[in-house]
Every structure is written in C-alpha cells, then in structure tokens.
Amino acid sequence: MTATKVKIKSPSRYGRSRPAALAAGLSRAGAVAVVVAVVGLLPWLSGRDPALTVLRGRSAEQEATPEALAAVREQLGLDAGPLTLLGRWLGGILRGDLGASWVSGRPVLPDLLRATGVSLTLMGFAALVALVVTAALTAPALTAAVRGRQRRSGGAAAAALTALPEFLLASVLLLAGAVALRAFPPYGWDSAHHAVLPALALGLPAGGLIGMLLADAVSRVAGEPWTVTWATAGAGRARTVAALLRRALPGLIPQIALVLIGLTGGAVAVERVFAVPGLGRVTLGAAQTQDLPVLQGGVLILLALGVIAGIAAELLRRAVLGPALRAASLPVAAHTPAPHRGLWITAGAALAVLTALIAAGLAGDPYTADRGRLAAPSWDLPFGADASGRDLLARLGHGAALTIGAAVLLCAACLLLGLLIGLLPRTATGPLEVANAAPPVLAGLLVAAVTGPAAGAAAVAVLLVGWAPLAAHTVTLVAEARARPHVAILPVLGVGPARALWRHIVPTILGPLTRHAVLRVPGIALALAALGFLGLGPQPPTPDWGLVLSEGMPYVERAPWTVLGPCLSLVALSVLAVTASALRRAR
Amino acid sequence: MSVIDCVRVRHSYTPATPVLHDVDLAIGDGERVALLGRSGSGKSTLVRAMLALEPLASGAIHCDGRVVTPGPVRRLRWFRRLVQYVPQDPGATLDPQARVLDIVAEPLRRLCGVTDRARLTAAAATVLEAVGLPAALHTVRARDLSGGQAQRVAIARALAPEPRLLIADEPISGLDAPLRAHVIDALRHASASRGTALLLVTHDVSAAAALSDRIAVMHDGRIVEDRRTGDLLAAPDHPETRALLAAVPRFPA
Ligand SMILES: Nc1ncnc2c1ncn2[C@@H]1O[C@H](COP(=O)(O)OP(=O)(O)OP(=O)(O)O)[C@@H](O)[C@H]1O
Ligand SMILES: [Mg+2]
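Everything numeric in this text was worked out from a predicted model, so none of it was measured.

Rules and cut-offs
Residues numbered from 1 in each chain as written. Chains lettered and ligands numbered in written order. Predicted model: local features only at pLDDT ≥ 70, side-chain atom pairs only at ≥ 80, totals over all residues. Heavy atoms only, no water. Helix = DSSP H or I, 4+ residues; strand = E, 2+ residues; numbered from the N terminus. Buried < 20%, exposed > 50% of the residue type's maximum accessible area, 1.4 Å probe, protein only. Areas by Shrake-Rupley, 256 points an atom, 1.4 Å probe, with all protein chains shown as cover. Donors = N, O, S within 2.8 Å, 3.2 Å for Na, K, Ca; no water. Patch = residues over 30% accessible without salt bridge, like charges linked within 9 Å, V, L, I, M, F, W, Y side chains within 5 Å. Salt bridge = Lys/Arg side-chain N within 4 Å of Asp/Glu carboxyl O. Domains from an automatic or database assignment. Near = heavy atom within 4 Å. Polar contact = N/O pair within 3.5 Å; in protein donor to acceptor, adjacent residues only side chain to side chain. Disulfide = S-S within 2.5 Å. Axes fitted to C-alpha atoms, helices over the stretch in contact; angles between N-to-C directions. Left-handed = near helix turned anticlockwise from the far one by under 90°. Contact = heavy atoms within 4.5 Å. Nonpolar A, V, L, I, M, F, W, Y, C, P; charged D, E, K, R; others polar. Pairing = 2+ DSSP bridges.

Student: Requested: an account of the overall build of chain A, with residues and values cited.
Tutor: Within chain A one finds 23 helices and 0 strands. Looking at chain A as a whole, 53% of its 587 residues are labelled buried. A total of about 24,300 Å² of accessible surface is found on chain A, and carbon and sulfur atoms cover 68% of it.

Student: Talk me through the coordination of the magnesium ion (ligand 2); I want residue IDs and the actual numbers.
Tutor: Protein-derived coordination of the magnesium ion (ligand 2) comes from B:S44 (OG) and B:Q88 (OE1), at a distance range of 1.9 to 2.6 Å. Here B:Q88 lies in the loop between β6 (83–86) and α3 (100–112) and B:S44 lies in helix α1 (residues 43–50), a separation of 44 residues in the sequence.

Student: Summarise a nonpolar patch on the surface; cite the residues concerned and give the values.
Tutor: Residues and elements named next belong to chain A. Together, V34, V38, W44, L45 and V450 line one region of the surface with nonpolar side chains, adding up to about 420 Å² of accessible area. Contributions of two or more residues to the nonpolar patch are made by α1 (18–40) and α2 (42–45). Position of V450 among the secondary structure elements: in helix α18 (residues 440–451). Owing to a relative accessible area of 32%, V450 belongs among the partly exposed residues under this scheme.

Student: Mind laying out the domain arrangement of chain A, listing which residues take part and the relevant values?
Tutor: The domains assigned to chain A are domain 1 (108–326) and domain 2 (342–583). Using only C-alpha atoms to locate each centre, domain 1 of chain A and domain 2 of chain A end up separated by 19 Å.

Student: Before we move on, could you go through the pattern of salt bridges and cite the residues and values that matter?
Tutor: Summed over the entire model, instances satisfying the criterion amount to 23 salt bridges over all chains. For A:D386, the salt bridge identified is with A:R395, shortest N-O distance 3.7 Å. With respect to burial, A:D386 and A:R395 carry one shared label: buried. Of the charged contacts in the structure, one is a salt bridge between B:D213 and B:R32, with a shortest N-O distance of 3.2 Å. Separated by 181 residues along the polypeptide, B:D213 in the loop between α7 (205–211) and β9 (214–219) and B:R32 in strand β3 (residues 32–37) bring together distant segments of the chain. Linked through salt bridges whose partners overlap, the residues forming this network are A:D386, A:R390, A:R395 and A:E551.

Student: For the site of ligand 1, give the residues involved together with the corresponding values.
Tutor: Not every one of the 14 residues close to ligand 1 is listed here, only the nearest: B:S39, B:G40, B:K43, B:S44 and B:T45. Two or more chains meet at ligand 1, and those chains are chains A and B. Between ligand 1 and B:S39 there is a distance of 2.4 Å, counted from an oxygen atom to a side-chain nitrogen or oxygen. For ligand 1, an oxygen atom lies 2.8 Å from a polar atom in the side chain of B:K43. Considered on its own, ligand 1 offers 630 Å² of accessible surface; in the complex 67% of this is hidden by protein. With 4 residues, α1(B) is the single largest residue contributor to the shell around ligand 1.

Student: Give me the lowdown on unusual backbone geometry, citing residues and values where you can.
Tutor: Cis geometry is adopted by the peptide bond preceding A:P541, which originates at A:P540 and carries an omega value of 5°. Here A:P541 shows up in the loop between α21 (497–533) and α22 (545–552). One non-glycine residue with positive phi stands out, namely B:D89, at about 50°. The topology assignment puts B:D89 in the loop between β6 and α3. Here B:D89 falls in the partly exposed class, since its relative accessible area comes to 29%.

Student: Tell me what's going on with the state of the cysteines, and back it up with residues and numbers.
Tutor: Residues and elements named next belong to chain B. Taken as a whole and judged by the stated rule, the model has 0 disulfides over all chains. Take C6: it sits in no disulfide, and the sulfur closest to it among the cysteines is that of C63, at 10 Å. Take C112: it sits in no disulfide, and the sulfur closest to it among the cysteines is that of C63, at 15 Å.

Student: Which residues make up the packing of helix α6 (residues 108–146) of chain A against helix α11 (residues 237–248) of chain A, and what values go with them?
Tutor: Residues and elements named next belong to chain A. Contact geometry for α6 and α11: axes closest at 10 Å, N-to-C directions at 120°. Along this stretch, α6 crosses α11, giving a crossing that reads as right-handed. For the pair formed by α6 and α11, the contact residues are L142, A145 and V146 on the first element and R237, T240, V241, L244 and L245 on the second. Its residues assigned to classes, the contact of α6 with α11 comprises 6 nonpolar, 1 polar and 1 charged.

Student: Please provide a residue-by-residue account of the sheet that holds β3(B), values included.
Tutor: All names here are of chain B. Strands sit in the order β6-β7-β8-β3-β9-β10 across an open sheet of 6 strands; the sheet is mixed. Here the strands that pair on one side only, and so sit at the sheet edges, are β6 and β10 (222–228). Taken pair by pair, the neighbouring strands of this sheet meet at an average axis angle of 15°, ignoring direction. Inspection of the sheet shows β9 paired to β10 by 6 bridges, in the antiparallel sense. When the sheet's bridge partners are listed, H219 is paired in β10 with R222. Helix α2 (residues 73–82) contacts β6 and β7 (165–169) of the sheet and is inclined by roughly 70° relative to β6.

So this is what it looks like as structure tokens:
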C-alpha cells in the first residue's frame with residue numbers, strides 16, 4: 001500500500017482559491033506597512049533628540065548648546081515632525097536613497113549593500129558547515145530507517161551543539177583557532193581563510209538544530225506504511241533514503257529557512273567578535289551610536305532578506321508537497337517510535353546537574369563582593385569568583401530562577417500565541433513572515449531603541465518574534481493533518497470545521513508542537529542571554545545568565561571559569577530540554 | 001419511494017475531460033444495488049457526487065424529496081444522517097490514535113445528537129457487535145487493528161446513525177476470502193435487519209451477485225445497463241457487461 005487514495009474533499013479546497021490568495025496578500029501588505037512605519041518612525045518613537053546624536057557623531061568637543069542643536073536640526077530637516085519625516089523617508093526608499101549617516105555623513109545605501117554582500121557570503125559558508133553537521137546527525141536515523149526501524153535522535157552531542165550560543169562559540173574558536181593554534185587570522189575579512197572561524201561559529205549550532213529536527217522527522221516518516229512495502233520489495237538504499245528525505249523535508253523547510261534567517265541574528269555577535277564588516281555588525285554599531293538612518297536601513301534589509309527567504313521556502317514546500325496536499329493523500333504513521341533508554345539517563349543527569357546548581361547557588365549571596373577578584377575555583381568557591389569578587393555559583397543559582405523561569409514562561413506564551421495565530425493561516429501570513437524574518441537580536445534592537453534596555457524589553461522582543469516558528473510549524477502541521485484521510489472524511493460524519501479543528505486536528509498536532517516548543521526553551525533562554533550579553537536586556541547587577549556571561553567575557557583568557565560556569569549551566573539546561581522533549585511520545 | 005435519485009448528473013475534474021456523462025441512478029428504500037465497472041470508469045466519482053462531496057457540472061441529486069448540493073457541514077447533517085459512506089480503503093479513514101468506541105460514537109454525537117456518554121457507548125457497542133467485532137477490541141486504538149478489523153469499524157461507524165442508505169466503495173477489495181465473507185455478511189445483515197438500502201461499488205461480480213437485487217454497470221462515465229441481478233447475470237445486454245462477466249467464472253444462476 002502506498003499513499004492511501006481517499007479523495008473526499010473537492011480539490012479546490014486544498015489549492016489556493018482566489019479569496020485565500022487575496023487574504024494572504026493583504027495580510028502581507030499590512031504587516032509590511034506596520035513594520036516599515038515602525039522602522040521609519042524610530043527616530044520619533046525613541047523619544048531621543050536626534051540632533052544630539054548627530055552633533056556627538058560629528059565632533060566630540062562641540063558643546064550641545066541649544067543653538068548648535070537647532071542648527072543641526074534645521075540642516076537635516078528634523079523639525080518637520082514625525083509624519084513628514086516618515087513620508088520623506090519612504091519617498092527616499094522608493095528612489096533608492098536611504099539617506100545619509102548621522103555620524104559619518106556618508107550615504108547609507110552603498111555601505112549597507114557592501115555589508116550585506118559580506119554577510120551573505122559568511123552565511124553561505126555557515127550554511128555549508130550546517131549541511132555537514134546535519135548530514136552527520138541525520139545519518140543514524142536514516143540508516144535505521146533503511147533497515148526498517150525507527151529511532152529517536154536527541155543525542156547529548158546534538159543538544160549541546162544547539163545550546164552553544166554563537167557569541168560564546170565564536171570566542172572559544174577565536175581563542176583556540178587564532179590565538180592558541182595561530183591557524184587562522186583572528187580579525188578581518190580579506191580571504192576565504194578569514195571566513196573559517198566565523199562560519200564554524202555560525203554553522204555548528206544551526207546544523208545541530210536542523211540535524212535534530214530532520215532526524216526526528218525521518219524517524220517519524222519511517223513509521224509510515226509505505227516504508228514496509230519498499231523494504232519488502234527490495235528497494236535500493238539510495239532510493240529509500242531519497243524517498244525518506246523527500247517525505248521528511250517539506251514539513252521542515254519553513255524551520256530550515258528560519259534557522260538560516262537566524263544566522264543573521266547570530267551574525268551580529270559573530271561579526272562583532274571577529275570584526276567582520278557585515279550587516280549585523282554595522283546595524284548593531286548604528287544602534288550603539290544612535291545612527292538611526294543606518295539602523296533603519298540595516299533593519300529594513302535584514303527584514304527584506306528574511307521575507308524573501310520565507311517566501312522562497314513556502315514556494316519550495318508547495319512544489320515538493322503540492323499534489324499530495326491537494327489530493328488528501330498523505331500517508332500517516334501508524335506508530336511513533338518508542339523512546340531510547342539512554343535518553344532517560346541523559347535527561348536525569350542534566351536535571352540533577354541543574355538542580356544541584358540551583359540548590360547550591362541559592363544558598364549563596366549573588367550580590368556581595370566579598371571574595372577575591374577573579375578568585376580561582378576552590379572547595380569553598382566551586383565556580384570561582386567574578387571580576388568584582390562575587391560568588392559565581394551563587395550568581396548562577398539565583399540567575400537560574402530568572403533565566404529559566406523567564407524562558408519557560410516566554411516559551412509557554414510563544415506556544416499559545418503560535419498555536420492561535422497558526423490556526424489562522426490566511427491572516428497570519430504577513431505577520432508570520434515578518435516575525436520569522438526578524439531574529440530576536442533585531443527585535444531587541446528595535447524594542448530597546450523605543451523603550452531603552454531593560455529585562456522587560458528583552459522579554460517583549462523575544463515574544464515579538466518567538467511565536468513565529470511555532471505558528472509556522474502549526475500551519476504546516478494543520479495542512480498535513482487536513483490532508484489525512486481520517487480528517488478529510490469528518491464532514492461526512494457531521495463533524496463541522498470547528499470541532500474538526502479542536503477535537504481532531506489540534507490534539508494530534510499538540511504533541512509535535514509542544515516537543516518543538518520545549519526544544520526552543522534553551523533557544524529562548526539563549527536569546528535572552530544574548531540580549532543581556534549585548535546590553536539590550538537586564539541591567540547589572542542582575543545575575544541574569546547572559547549578563548554574567550558577558551561580564552566574564554573580557555576575562556576569558558585570564559580566568560576561564562568566569563565563562564565556563566554560565567556556559568555549562570546553559571548546556572545542561574539545553575540537554576535537559578532536548579531529551580525531555582524526545583521522551584514525550586507524540587500523543 | 002427512492003432514498004436517493006441522481007438526475008442527469010454530469011461532472012468533470014478538469015473542463016477538458018468529463019468523468020460523468022448524464023448519469024441517472026435511483027435507489028429505493030431497502031433496495032440493494034451494486035455499481036459495477038472497471039477501474040477508472042467513474043464509480044468513485046459518482047459516489048462522491050451522490051454524497052455532495054463534489055460540485056456537479058449539471059444535473060441534480062435528490063434525497064428524500066430535497067435537492068442536495070455541496071455546502072457547509074451544518075446544512076448537510078440531515079442528509080449525512082440518511083446517507084452514510086464507507087470509503088475506499090476505509091482503514092485509512094480511522095484516526096490511528098482514537099479508540100474504536102469513540103470512532104463509532106462520533107457520528108452518533110454529531111448526526112443524531114446523542115450526548116449521554118453511557119448511551120453513546122452502548123449504541124456504539126451494539127453496532128460493533130453487529131459487524132462482528134469482538135468486545136475485547138472496543139477499547140483498542142485504531143492503529144492496533146488489523147486491516148479487516150479496521151474495515152469493519154469503518155462499516156460500523158457508517159451504520160451507527162442508522163442511515164437509510166449505506167454507500168460502500170469497494171469495501172472488500174484487499175481482503176482475504178474469509179474476511180470478504182464476513183464483511184459481506186455484515187452488510188447483508190445490516191440491510192436485512194434494519195432495511196438499510198445499499199449501494200455497493202465493486203468490480204467483483206461475485207460480490208455484486210451475492211449482495212444485490214439490482215446491478216448498474218458503469219462504463220466510461222455512463223450507466224450502460226441497470227437491471228435486476230438475476231436477469232443481468234443470465235443475459236447481459238451490453239458488451240461491457242459481458243466483458244466484466246467473462247473476466248470471472250460464471251456465477252451459477
Ligand atoms: N481528484 C481527481 N482529479 C482529477 N481526476 C480524477 C480525480 N479523481 C479521479 N479522477 C479521474 O476520474 C476518472 C474516474 O475515477 P474514479 O476514481 O471515479 O474511478 P473508479 O471507477 O472509482 O476506479 P477504481 O475502480 O480504480 O476505484 C479517472 O480517469 C481518474 O483518473
Ligand atoms: Mg474507485
């Protein structure tokens with residue numbers, strides 16, 4: 001038996017009818033308009049005096065006298081008020097003119113385009129690295145599937161890979177590859193040699209995430225009836241592998257696009273560590289100097305790249321899956337694979353490590369600087385002390401409540417939001433593509449530009465974009481569920497659309513969706529940590545893990561324990577989340 | 001009076017290739033009709049059109065004196081209650097994660113408005129027993145059923161709302177001989193004990209002979225012959241009918 005051929009609904013219901021395409025188009029246009037307006041009004045929303053920025057950028061000595069400020073304002077036409085400013089800015093975009101930098105006075109667009117080229121090249125190399133990692137992680141699941149078995153992925157190695165924050169990986173690689181081994185140049189962007197370390201820092205985590213998702217999907221697909229037929233019919237290895245991937249990939253294409261887009265966010269930190277003159281570094285720099293024309297242009301290009309990638313991925317998914325989606329003939333897996341016993345052990349170990357860390361840390365005092373500066377780890381001070389002489393174990397223990405708690409709450413909020421928005425695929429198209437196209441760092445830049453850096457701002461930024469992957473997954477899962485024969489027959493049984501959705505579709509997608517959400521907890525914790533690291537989140541002396549990590553970064557050479565503690569904590573959290581999600585049987 | 005009446009039904013998936021050409025077919029209360037035809041002749045398409053799952057290019061479907069057209073589930077509940085359906089490969093239309101009793105109870109809940117848990121379970125169990133599914137399997141999940149068991153669950157689900165017409169699209173294809181006999185038995189039992197009319201779609205002449213009072217032969221989207229089973233088997237008129245009958249050992253009259 002190959003794909004079961006029960007065609008119950010009329011084909012047109014699954015194809016894009018004209019009103020549906022119109023709704024998606026409207027939704028896209030609306031979302032883009034809102035975002036462009038927000039970006040365009042950034043100087044006005046931020047409530048800071050742009051003239052001050054310009055003045056500071058041009059000469060550090062000149063006093064910010066009212067006369068000097070007024071002169072700058074008049075010169076730049078900043079007196080005109082928000083709507084006129086927005087109109088002028090939009091008009092400029094249409095003419096291909098993004099204005100001039102407030103700091104250097106140079107036109108924004110040529111510089112940004114050059115930086116975009118650099119970033120795209122770096123991302124290309126990183127994608128290559130990710131491809132290799134993905135292949136390595138998927139191979140075991142594929143081998144098992146070819147032999148007619150299903151297996152769970154969720155290895156600790158893969159979990160650790162997905163947990164490594166790009167900025168930390170970049171620093172470690174910089175130290176190991178450039179400083180210690182002297183194998184690669186530490187800074188700059190002159191030859192392919194320069195691309196190796198940044199590409200590794202970007203590509204390894206991306207490959208880890210995609211590889212795990214793909215191995216999971218392959219295991220699920222291996223439970224579908226056709227695999228048995230193929231195996232007994234003696235289908236060749238290569239053909240079976242190709243068929244398995246062809247079935248497993250379409251559902252993941254949007255997520256793979258997301259990971260690739262996420263490279264832009266990761267690139268901000270990586271480009272900064274390796275001094276790569278890419279778009280992320282330029283945009284972050286512009287945010288720090290309040291060079292708003294450059295920030296606006298950079299954000300706009302980053303978003304545009306994301307939207308284009310999202311649309312391309314959707315077209316690709318439809319091309320691969322299209323006929324089966326329309327014909328309501330997707331095969332359905334009869335059994336989901338039973339969890340691996342090793343997973344229980346790994347999950348238990350990670351949980352024990354985290355619990356011990358929190359229990360031991362909560363007993364200490366995270367704020368008082370009563371230890372030696374950068375004191376090395378000892379029996380009394382297991383994780384050492386930070387640069388101001390505070391107990392690192394105590395800081396991590398208290399920070400755990402903050403970081404993990406915030407991440408879990410945010411993840412639940414993202415899951416709920418993603419599910420609800422994902423159930424309205426037509427209206428959600430635009431916001432989804434825009435949110436997908438914005439890595440948390442980008443959202444963090446925007447939110448921080450409006451409200452100023454704070455813990456709340458970081459949470460809002462993560463929530464603003466964090467629902468999108470889950471909504472995208474919901475859309476895919478719902479479309480696949482609707483194409484299944486047992487859902488397609490529901491109208492004949494008198495089951496209306498609402499009940500079909502809530503009683504027959506949502507329960508089946510909740511399992512994979514929750515697994516996915518749990519898988520994102522470490523990612524969200526890391527996004528919060530990254531925002532803290534970049535100074536866009538909680539402020540000192542909060543023992544937020546990202547902040548603790550960033551405070552340790554300058555001392556990574558002299559006192560590696562300042563970085564090791566927070567890093568190990570995040571890795572343990574990630575291993576726990578990943579293995580726990582693998583243990584959940586899909587309903 | 002006929003339960004369902006197709007009048008000059010015409011349908012095409014793509015404008016260039018019509019699949020049904022002016023099909024007329026009526027099924028009376030308690031009547032058992034077999035729709036015979038080779039693969040691709042349009043049997044399943046006609047069935048989906050009769051079930052208001054496909055829009056018609058022209059013609060009409062009448063049920064119980066009302067015209068039936070595709071539309072929202074809410075508007076068609078009365079029709080679904082009267083006319084039920086066992087699709088081709090029915091096992092695939094069972095939610096693998098759902099339990100047998102819940103699967104059979106669903107149409108009772110949605111079409112007959114039964115909400116009482118105990119009554120739902122009792123009614124579902126009765127139908128399941130009627131199709132010969134042992135009580136031990138009533139709480140099993142659909143994914144753990146054999147192909148033949150799943151087939152009978154799908155038949156039970158269709159019979160649960162006590163329809164006046166049951167349309168079964170190749171309900172016995174892909175079953176081994178004892179299971180065929182069992183499914184045929186279940187269908188015959190349902191029509192005999194409750195007076196349910198049957199439309200049995202098949203290309204298996206012996207099944208048609210065993211279970212029908214009347215046989216309609218479909219060829220290239222047209223009904224080319226529609227007569228009492230005995231007469232048709234004894235003296236087939238149309239070349240297509242003769243070809244179909246020649247393909248199997250002659251059924252003793
Ligand atoms: N969804 C569809 N889209 C386009 N053409 C279709 C579709 N479903 C069926 N057809 C075509 O309509 C014709 C009749 O198909 P149908 O499924 O009704 O045949 P059938 O008599 O039920 O055959 P079988 O005995 O193999 O089930 C065939 O030529 C088929 O290719
Ligand atoms: Mg058919």
